[in-house]
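Now for the letters of each chain:
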Amino acid sequence: MSDEQNNDLQNDILRLYSSTGHEFVLSRKMSYVSGTIKSMLGGDNSNFIEDQNSEIRFREISTAVLEKVIQYFYFKNKYTNSTTDLPEFPINDKIVVDLLLCAHFLDT
């Protein structure tokens, strides 16, 4: 792998941290499902420290909820403009309310 390809790969990585410090590593492109995250990672002119460090810490979002949000990012990216029937996106009843609040905050 060339240095340029390695740089591109590193620039595409985003780290999200839950309230307990659990780290999730994902593609920046996947996270753009969230309007809030997309704004924070605004590109070359972004003044957000999160963009510069490629990490976002969510002090109020539990690990279970953040994991489900990230699963949704990948689900949304996979099935947007799909011509097949959408499979069910399973959600644990115990996190429904927290997930709804999180989705609202993240503009997802």
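Residues numbered from 1 in each chain as written. Predicted model: local features only at pLDDT ≥ 70, side-chain atom pairs only at ≥ 80, totals over all residues. Heavy atoms only, no water.

Peer 1: Talk me through helix 6 (residues 96-106); I want residue IDs and the actual numbers.
Peer 2: Along an α-helix, residues three or four positions apart point the same way, because every turn accommodates 3.6 residues. Residues Leu99, Cys102 and Leu106 constitute the buried set of helix 6. Buried residues in helix 6, looked at end-on, bunch into an arc of 65°, giving them a common side. Projecting away from the buried face of helix 6 at angles above 90 degrees are the exposed residues Val97, Leu100, Leu101 and His104. In the core, the buried residues of helix 6 are packed alongside helix 3 (35-40) and helix 5 (63-79). Residue Asp107 follows helix 6 closely and has a positive phi angle near 55°. (Buried < 20%, exposed > 50% of the residue type's maximum accessible area, 1.4 Å probe, protein only. Helix = DSSP H or I, 4+ residues; strand = E, 2+ residues; numbered from the N terminus. Arc of directions from axis to C-beta. Contact = heavy atoms within 4.5 Å.)

Peer 1: Report on the sheet that holds strand 2 (residues 23-27), specifying residues and quantitative values.
Peer 2: Pairing between the strands of a sheet comes from backbone hydrogen bonds, and it takes one of two forms, parallel or antiparallel. Across the sheet, which stays open at both edges, the three strands sit in the order 2-1-3 with mixed pairing between neighbours. Where the open sheet ends on each side, the last strands, each with one partner, are strand 2 and strand 3 (55-57). Each adjacent strand pair in this sheet contributes to an overall mean axis angle of 20°, direction not counted. The pairing of strand 1 (residues 13-17) with strand 3 spans three bridges and is classified as parallel. From the neighbouring strand, Leu16 faces strand 3, where its bridge partner is Ile56. In the packing of helix 5 onto the sheet, the strands contacted are strand 1 and strand 2, and the crossing angle to strand 2 comes to about 10°. (Pairing = 2+ DSSP bridges. Axes fitted to C-alpha atoms, helices over the stretch in contact; angles between N-to-C directions.)

Peer 1: How would you explain the layout of surface pockets if you had to name every residue and give the values?
Peer 2: The space that makes up the largest pocket amounts to roughly 240 Å³. Around the largest pocket sit Met40, Arg57, Phe58, Arg59, Glu60, Ile61, Ser62, Val65, Asp98, Leu101, Cys102 and Phe105, which together line it. Considering each element in turn, the lining of the largest pocket owes the most residues, four residues, to helix 6. Considering only residue class, the lining of the largest pocket consists of seven nonpolar, one polar and four charged. Every residue along the wall of the second largest pocket is listed here: Lys68, Val69, Tyr72, Phe89, Ile91, Leu99, Leu100, Ala103 and Thr108. Tallied by class, the residues present in the lining of the second largest pocket amount to seven nonpolar, one polar and one charged. (1 Å grid on protein atoms, 1.4 Å probe; cavity = no way out; pocket = protein on both sides within 12 Å on 5 of 7 lines; lining within 4 Å. Points joined across faces, edges and corners; volume = space filled by probe spheres on them. Nonpolar A, V, L, I, M, F, W, Y, C, P; charged D, E, K, R; others polar.)

That's the geometry; what it means functionally is another story.
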